[in-house]
Amino acid sequence: MARFVLSLDQGTTSSRAILFDHDGTVAAQAQQEVAQIYPDSGWVEHDPADILASQLHVAAHALQQAGAAPSDIAALGITNQRETAIVWDRETGEPIYNAIVWQDRRTAAACDTLRQSGALDMVRGKTGLLIDPYFSATKIGWMLDHVQGARSRAEHGKLAFGTVDSWLVWHLTGGRRHVTDRTNASRTMLYDVVRDQWDDELLRVFGIPESLLPEVVWSSGEIGEATTPDLAGIPIAGIAGDQQSALFGQLCTNPGDAKNTYGTGCFLLQNIGAEFRLSQARMITTIACTADRTLCYALEGSVFVGGAVVQWLRDKMQFFASAPDIEQIASGADSAHLVFVPAFTGLGAPYWDPHAAGLIIGLQRSTEIGHIARAAIDSIAFQVADVVRAMESDTHQAFTMLKADGGAASNDMLMQFQADLLGLPVERSAIAETTALGAAYLAGLASGFWAGMDEIAGLRGPGQVFVPRMDRSDALARSARWQDAVRRSRSWFGGNP
Ligand code: ADP
């Protein structure tokens, strides 16, 4: 009898592998950071070889820790940073360029041009997305246009495109399977999420040859077997983009269920059921994962810089050595008049301004590192609150609480301020690793490791709840100051204010 399900969680900051046992608890885990490459202003890349090697390394390490052999693993599930685009040679498996990461803004001008050409309504109606550099399509186009000979090789069927899930499955199966799941496909801006297929018109508009594309599979179901030495023979039975995986991992499987993940970015997703609907409040509509091969949609608000602001203070400002140190540095430093808008890669939902710049305003001679650290933590909560309010206006339904998970959700100060700002309870998941858990559930359900959703729901314990403590008028005054600072950050690098 297999004892575990293996989840491969290829995130923006790190690759992680987690073994879950039958009770849904973490039996072993390993993690390795992925190097961030910033070749130019607004550019963010990863080395695809690093993504693969780190992911294989941590998987082997997790098995080793648990004393497990591949035969002890019922199935593996993959969850991944979404939109990040990789193009590789079908024969050699070698990438033609680095992975262009979701945060990368190099195609902002190309997106402006496409929007002005009147493509927006068509793109939005088919994909549920807004035309933004965030999604894969213009990143693929950039590679085809800037890597010598790439377009011609693509047109001759020599190249393959994939998001990180495709890249991993390709290599895990020794190049046998070139697939992606629906949740990842729905982030490329090339997939018609209503008709549930790649779309010729979108391919034409973005100039992408169809031969590049992977086959699209359901998120839960066996799609192949790993052949790499340490994992040989393990069925690959789950794939989902990280945010959809977290939504599933939080058991948000009914319409109205919502969660926010505080990772590198912050992502609020709300399940809206089987019917496709466009947002009126600049949210995007995306495919959510299901265990039963049915289409399900979610509304999503994406904040580009969430926990990444903490990384920036750590790595670029060198204010502290490790992310959790921020809690101590910021404690006792109220930054009511200091506002930090971390628009390092423009602003995502609900603003969608690729030309916005980061700013810190309200600096005084008395300002200390602690104040800036506190303002950075607050900025995460302010951005999430903006998205919560926008989503409420969209669905005409007020949130009664917010489910939280992700690396930065371990920060109590952030959770408390989020509750204060929203005037709502915030429940932090008992298992921090909901993203990895979602992929494990998908794979475990497909392989019969778990019998069904009811069994899984019975395994879950309650999370920690943070209740609002701040005076409402104080919260509203802070929100107003935040809005003012956001206005000042807009259109700094161009575009129309
Ligand atoms: P991802 O899956 O996007 O790689 P994670 O969910 O692992 O992200 O979260 C990592 C992010 O959380 C990093 O950006 C890190 O700076 C941030 N982070 C980790 N611990 C804390 C903390 N105690 N307070 C605030 N941010 C934190």
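Just so you know, these numbers come straight off a predicted model, no measurement behind them. One numbering rule holds for all chains: residues counted from 1, following each sequence as written. In keeping with the predicted nature of the model, local features appear solely for residues at pLDDT of at least 70, side-chain atom pairs appear and are counted solely at 80 or more, and the whole-chain, interface and lining totals rest on all residues. Excluded from the side-chain calculation are hydrogens and water; included are all heavy atoms of the structure.

Peer 1: I keep staring at helix 14 (residues 434-446) and nothing clicks. Help me out?
Peer 2: It helps to recall that an α-helix has 3.6 residues per turn; residues three or four apart then point in one direction. Numbered from the N terminus, helices here are DSSP runs of H or I no shorter than four residues, and strands are runs of E no shorter than two. Expected helix span is computed as 1.5 Å times (number of residues minus one). For helix 14, built from 13 residues, the straight-helix expectation of 18 Å at 1.5 Å per residue is met to within 8% by its first-to-last C-alpha distance of 18 Å. In this scheme, a residue with accessible area under 20% of its type's maximum is buried, one over 50% is exposed, and one in between is partly exposed, where area comes from a 1.4 Å probe on protein chains only. Every buried residue of helix 14 is accounted for by Thr-434, Thr-435, Ala-436, Leu-437, Gly-438, Ala-439, Ala-440, Tyr-441, Leu-442, Ala-443, Gly-444 and Leu-445. Immediately downstream of helix 14, the backbone of Gly-448 shows phi near 80°, a positive value.

Peer 1: Quick question: what am I supposed to make of unusual backbone geometry here?
Peer 2: Peptide bonds are trans in most cases, and residues, glycine excluded, mostly fall at negative phi. The residue after Ala-349, namely Pro-350, is reached through a cis peptide bond having omega -5°. Inspection of the secondary structure puts Pro-350 in the loop between strand 19 (339-341) and strand 20 (359-361).

Peer 1: Can you walk me through the nonpolar core in this structure?
Peer 2: Generally speaking, soluble globular proteins have nonpolar side chains that are buried together. Judged by nonpolar contacts, the single largest core of 113 residues is most densely connected at Ile-140, Leu-190, Phe-206, Leu-212, Tyr-262, Val-341 and Leu-402. In terms of residues, this core owes the most to one element, helix 12 (residues 369-395), which gives 14 residues. Any two residues whose heavy atoms approach within 4.5 Å at even a single point are treated as in contact. The contact partners of Phe-206, leaving out residues within four places of it in the chain, are Leu-114, Val-123, Ala-137, Thr-138, Met-189 and Leu-190. Formed by 35 residues, the second largest nonpolar core is a distinct cluster that contains Ala-59, Leu-63, Ile-73 and Ile-234. Take the buried Ala, Val, Leu, Ile, Met, Phe, Trp, Tyr and Cys residues and link them wherever side-chain atoms come within 4.5 Å; each set so joined is a nonpolar core.

Peer 1: Looking at this structure, I do not really get the sheet that holds strand 3 (residues 26-33). What am I missing?
Peer 2: Within a sheet, adjacent strands bond to each other through the backbone by hydrogen bonds, running parallel or antiparallel. At least two DSSP bridges between two strands are needed for those strands to be called paired. Taken together, the six strands give an open sheet; going across it, the order is 3-2-1-5-14-13, and neighbouring strands pair in mixed fashion. Taken across any chain shown, the strands that pair with only one partner, and hence form the sheet edges, are strand 3 and strand 13 (220-225). Averaged over all adjacent pairs, the angle separating strand axes in this sheet is 25°, with direction ignored. Of the pairings in the sheet, the one linking strand 5 (residues 73-80) to strand 14 (residues 235-241) comprises five bridges and is parallel in character. Axis definition: a line fitted to C-alpha atoms, over the contacting stretch in the case of helices. Angles run 0 to 180 degrees between N-to-C directions.

Peer 1: For this particular structure, what's the right way to read the environment of Ala-430?
Peer 2: Locating Ala-430 in the fold gives a position in the loop between strand 22 (426-428) and helix 14. Ala-430 gets classed as exposed once you look at its relative accessible area, which sits at 51%. C-alpha of Ala-430 to C-alpha of Gln-10: the two residues are 420 residues apart in sequence and 21 Å apart in space. Beyond its immediate chain neighbours, meaning those up to four positions away, Ala-430 contacts Gly-461, Pro-462 and Gly-463.

Peer 1: Looking at this structure, I do not really get the pairing of strand 8 (residues 159-162). What am I missing?
Peer 2: Side-chain direction in a regular strand flips from residue to residue, so the side chains alternate between the two faces of the sheet. Of the two faces of strand 8, the one lined by Leu-159 and Phe-161 and the one lined by Ala-160 and Gly-162 are each fully buried. When strand 6 (residues 86-89) meets strand 8, the two strands line up antiparallel, connected through four bridges. Along strand 8, the bridge assignment pairs Val-87 with Phe-161.

Peer 1: Even after reading the chapter, I still don't get the domain arrangement of the protein, so can you show me in this structure?
Peer 2: A common way to report how large an interface is uses the accessible area buried once the components associate. The domains assigned to the protein are domain 1 (4-244) and domain 2 (253-428 + 467-497). Either an automatic procedure or a domain database provided the assignment from which the domain bounds are taken. Here domain 1 and domain 2 have C-alpha centroids that lie 25 Å from each other. Counting from both sides, the interface comprises 34 residues of domain 1 and, opposite them, 34 residues of domain 2. Put simply, buried area is the surface a 1.4 Å probe can reach on two separate parts but cannot reach once they are joined, added for both. When domain 1 packs against domain 2, the two sides together hide about 2900 Å² of surface, and 61% of this comes from carbon and sulfur. In what follows, salt bridge is the name for a side-chain nitrogen of Lys or Arg lying within 4 Å of a carboxyl oxygen of Asp or Glu. The tally of links from domain 1 across to domain 2 stands at three salt bridges. For Arg-314, the salt bridge goes to Glu-33, with nearest N and O atoms at 3.9 Å. Each polar contact in these results corresponds to two N or O atoms within 3.5 Å; when the atoms are within protein, one needs to be able to donate a hydrogen and the other to accept it, and residues that are neighboring in sequence are counted only if both atoms are side-chain atoms. Where domain 1 packs against domain 2, one counts 15 residue pairs in polar contact (both at pLDDT 80 or more). Where the side of domain 1 that touches domain 2 is concerned, the elements lending two or more residues are helix 2 (108-116), helix 3 (120-127), helix 7 (182-185), strand 13 and helix 9 (242-249). Take the side of domain 1 that touches domain 2: its biggest share by element is three residues, from helix 3. Put simply, Ala, Val, Leu, Ile, Met, Phe, Trp, Tyr, Cys and Pro go in the nonpolar bin, Asp, Glu, Lys and Arg in the charged bin, and everything else, Gly too, in the polar bin. Partitioned by chemical class, the residues of the side of domain 1 that touches domain 2 number twelve nonpolar, 13 polar and nine charged.

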